[in-house]
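# Geometric and topological summary
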Amino acid sequence: MTVQSSRNLSPRIYACACTFVFTMMNLNRFELLRLERRITSDEKLQYSLSSYFIVAVIFLNQSSFQSPIIGLPASLVYVSINAVFLGHVFFGSQEPFFRLILGSLAFLTLLGFVGWIVLAIYSLDEVASILVLVIAATVSSIINRRMKHSDG
Amino acid sequence: MDNPTHFSKQLRCGEVLYLILICVSFYLLVISRTDEARTVWEVLNPAFIPTLFTATFLLILILLSSEKTAHKLFLVITISILLHSFFAIIFPAGDSSGQQIALGRIRSVYDNFEPLTLTSPSKPLFSPLYEIFRGDHFQAALSVTLARMLSLDILGVHLFLVPTLWGIFVPVAAFLTARTLGGNDKACALASLIISVFPYITYFGAISVPNSLGFIFFFSSFPFLLRYVESRDSKSLFLTLAFSFFSFLSHFLTGIMSLSLILLAFMSKPYKGEKPTSLATRLIVTFVFCASLLPLSLVYFRFFRANSSTTFNLEKPAGLPIQEIVGMSLFGDFANSFNVLVPILTVIGPTLAFLYMVYLLHKLCRNHEARSKATHTFAFLAFLMISADYLILTLFMDELPFNSERLWVLRDFIATPFVAQAIFQLVSQTKRLSHAEFLRPPSLNHLRTVIKTGALRSLGILIILNIIIPSIIGGWLVLSLSAAYPQVASLQTTQYELDAVKYIEGNTHEKYVVICDVWTIYAGEVIVGISNPSAYYFDEFSQLGHELFTNMSREPSPKWMLSAMNLTYTAVAYFIVSEPRIGAEEFNRIITSVEEPLSLFYVSPNEKLYVFSYSSPQS
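Residues numbered from 1 in each chain as written. Chains lettered and ligands numbered in written order. Predicted model: local features only at pLDDT ≥ 70, side-chain atom pairs only at ≥ 80, totals over all residues.

### Structural notes on helix α5 (residues 96–121) of chain A
Across its 26 residues, α5 of chain A extends 37 Å between first and last C-alpha, which sits within 8% of the 38 Å expected from 1.5 Å per residue. In terms of residue burial, α5 of chain A counts as a mostly covered element, since 19 of its 26 residues are buried. (Helix = DSSP H or I, 4+ residues; strand = E, 2+ residues; numbered from the N terminus. Expected span 1.5 Å × (residues − 1). Buried ≥ 20, exposed ≤ 12 C-beta atoms within 10 Å, placed from the backbone.)

Put into structure tokens, the structure is as follows:
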């Protein structure tokens, strides 16, 4: 059982979060909208596949490096892609900022729900956690594609 | 202010200054972090409160400006995360409360072990159903998945989970609720900040317990429920039901309250050609039915959870003096607070909201074409229903599984948009007054007087708008923190207790059991989990664990340790004593009376904590 000291976690977490937010703020509204449209169109499943690729990175990091420096940005990108998918589907009528925030909430909820089911059926060990990430990414990708097709 | 570029430059400067102040506030919180403290106020850097007040002051000016909504909300989110991170940043293992117990259970999922149960109490009929749906599992699934994703220890993820989620999603939910109630964008942005002036809301946003997650989902469902009431569209209903389901999965209190509100929304739908008297009767019946759902579910909770014995006690108020009944109804547990400001801060917001709701409804009743009439009426009914539930639980029920003040979190959330609208109304009225002053043609006869009084009045209005109102709201927010974070508490889990637990875990290769006081049990829970068969700490409510510790303190003998080892099938036993928990005299007596075969295993660097060990003769 490895126990990491939580002493230096808070500044690290907030530093990473601030970097992410400032990067997002530097992109202008038009660029963000274009990026969102590109993600939700998911041409040739490129963003769904990126999501799986990030899960692979998380798995590698978890099994070998166990470094938050890899884990934090990878998780942020993973959650952001899927949050955009779900935000577009469920909160399409809202402004982009709300779509992203509510999409993030929806995706974290989905993550918790899938984890809850896996925990009830089996247990939430390291492999099962990766399975949760794969299932959550697949579900949000399917929902996004179904929505795209129903939109025509 | 006429030049938009100049105004925009001023605004950007204000925003940058605000962000710098927030960063400084975070830094001040981080440097306030301590190894040993009772309350956050003991160790909080003296510069923190002035910095926070200045930041809030600036933020209110920004919120009342014509800045973009997304920017405003981003700024509110930063302060919201800050306001809810006190426990997580200052204390080494967060607040000693339910969150450590929750983490103790989550550890069993993270480290993948089956908790060792020493006694098997009789389980109620529907206990398996409760076990599946209890909030711990949902929180455990979320925390463990995030901890593995981020490659961080579960302790850090658990401590920051709710403050971060709350800081991000609750202001947004407050904004959307205010907007659905027809608020102006500035009033809605103000609502996203005003939510932090309610002390109980701030407290639940600072501790990582399943109930807090339930509150987040309840808050997220509420704007969609209001939208459903307004438009009766299927998408809003779906989102309401989805968020309500997750609020139920997180905690039954928020789940039942969500269900009550959904039923209230369903049954308050007016039908074509329905007479007003019939609608009013239906509303009253529905209201009574929905308000009774929570008290009844608590009574029948005994079929789902062991040791639950909530009952109605209609004679309870008869035995209480009238001032106590009034005190309990208005201030709850805070009625006996040492600080008179605390009870005032808990009622001022809801009272203001209630008065403004009555005023709005009175105004809307005259206007038959008002679109927001249905949503306002529904919000008012929801507010009343939650208040009625609080009174029923406080005055007529015994043996509740939680304190009834938790309902205040829900009530205060509904109150938030109304408080914000009331404040915004005040600001608008003042502005209107200022415009009226400029538009009025000055009389030539009394030009000098008019200029003088006009200038004075304009200056007065300018001061009210830019100094007094932001100061009052900023001061209110900062003051309410003193009610949100306890002023009096027992010593929190200390760093040296955590270090001792980690040392034992890192240097023991056999299965072991630890006999210690309840505070060290909390430290054990956050590091190795609860009832871990390889590293056993007794449950914090365990009578057996308490008796073993008392016996060891009275007579430090191997027989108690052997008894603990036999009970838990372990090979090594540890006995932990720490000076601040039991007092210097008792501590010195114990450490001098320990004799062979018990051996000294670990001493904390400050010599405030000793660990003695004993191995089974067979091993």
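After that view of the structure, there is still more to cover.
### A few points about unusual backbone geometry
All names here are of chain B. Phi at Asn112 takes a positive value of approximately 55°, unusual for a residue other than glycine. Among the secondary structure elements, Asn112 is positioned in the loop between α6 (98–110) and α7 (127–133). A tally of 13 C-beta atoms within 10 Å means that Asn112 is categorised as partly exposed. We note that Ser151 has phi near 60°; this positive angle belongs to a residue other than glycine.

### Considerations on the packing of helix α21 (residues 495–506) of chain B against helix α22 (residues 518–528) of chain B
Residues and elements named next belong to chain B. Their axes nearest at 9 Å, the elements α21 and α22 cross at an angle of 55°. By the criterion of interaxial angle, the relationship of α21 to α22 is oblique. Where α21 crosses over α22, the two elements pack in a sense that is right-handed. On α22, the residues that touch Glu497, Leu498, Val501, Lys502 and Glu505 of α21 are Trp519, Thr520, Ala523, Gly524, Ile527 and Val528. Its residues placed into classes, the contact of α21 with α22 shows six nonpolar, two polar and three charged. (Axes fitted to C-alpha atoms, helices over the stretch in contact; angles between N-to-C directions. Parallel < 35°, antiparallel > 145°, perpendicular 65-115°, else oblique. Left-handed = near helix turned anticlockwise from the far one by under 90°. Contact = placed C-beta atoms within 7 Å. Nonpolar A, V, L, I, M, F, W, Y, C, P; charged D, E, K, R; others polar.)

### Describing α6 of chain B
With 13 residues, α6 of chain B extends 18 Å between its outermost C-alpha atoms, agreeing within 8% with the 18 Å of an ideal straight helix rising 1.5 Å per residue. The element α6 of chain B is largely enclosed, with a buried count of 10 among its 13 residues. Within the span of α6 of chain B, buried status applies to Gln99, Gln100, Ile101, Ala102, Leu103, Gly104, Ile106, Arg107, Val109 and Tyr110 of chain B. Of the surrounding secondary structure, the elements contacted by the buried residues of α6 of chain B are α5 of chain A together with α8 (135–150), α9 (154–180), α12 (210–231) and α22 of chain B. The first or second residue beyond α6 of chain B is Asn112 of chain B, which carries a positive phi of 55°.

### Observations regarding the interface of chain B and chain A
Taken together, the contact pairs 38 residues of chain B with 40 residues of chain A. The element best represented in the side of chain B that touches chain A is α8 of chain B, accounting for 10 residues. Looking at side-chain class alone, the side of chain B that touches chain A contains 27 nonpolar, six polar and five charged residues.

### What to know about the domain arrangement of chain B
Residues and elements named next belong to chain B. When cut into domains, chain B gives domain 1 (4–93 + 124–421) and domain 2 (495–615). Between domain 1 and domain 2, the residue contacts involve four residues of the former and five residues of the latter. When its residues are assigned to classes, the side of domain 1 that touches domain 2 shows three nonpolar, no polar and one charged. (Domains from an automatic or database assignment.)

### As for the sheet that holds strand β3 (residues 512–515) of chain B
All names here are of chain B. With respect to topology, five strands assemble into an open sheet ordered β4-β3-β5-β7-β6, the strand pairing being mixed. Of all the strands in the sheet, just β4 (535–537) and β6 (599–603) have a single pairing partner and so form its edges. Here the average twist between neighbouring strands, direction ignored, is 25°. Each of β3, β4, β5 (572–578), β6 and β7 (609–615) touches α21; the most contacted strand, β7, lies at about 25° to it. Strand contacts of helix α24 (residues 558–568): β3, β4, β5 and β7, with the helix running at about 130° to β3, the strand carrying the most contacts. (Pairing = 2+ DSSP bridges.)

### Here we look at the packing of α5 of chain A against α9 of chain B
Close contact between α5 of chain A and α9 of chain B brings their axes to 11 Å; oriented N to C, the two are set at 125°. Classified by the interaxial angle, the pair formed by α5 of chain A and α9 of chain B is oblique. Seen along the crossing, α5 of chain A lies across α9 of chain B with a hand that is left-handed. Seen from α5 of chain A, the contacting residues are Phe98, Ile101 and Leu105 of chain A; seen from α9 of chain B, they are Ile168, Phe169 and Val172 of chain B.

### Digging into the environment of Leu253 of chain B
All names here are of chain B. Within the secondary structure, Leu253 is located in helix α14 (residues 252–267). With 25 C-beta atoms packed within 10 Å, Leu253 lands in the buried category. For the pair Leu253 and Asn211, spaced 42 residues apart in sequence, the C-alpha to C-alpha distance is 7.7 Å. Beyond its immediate stretch of four places on either side in the chain, Leu253 contacts Asn211, Gly214, Phe402 and Arg406.

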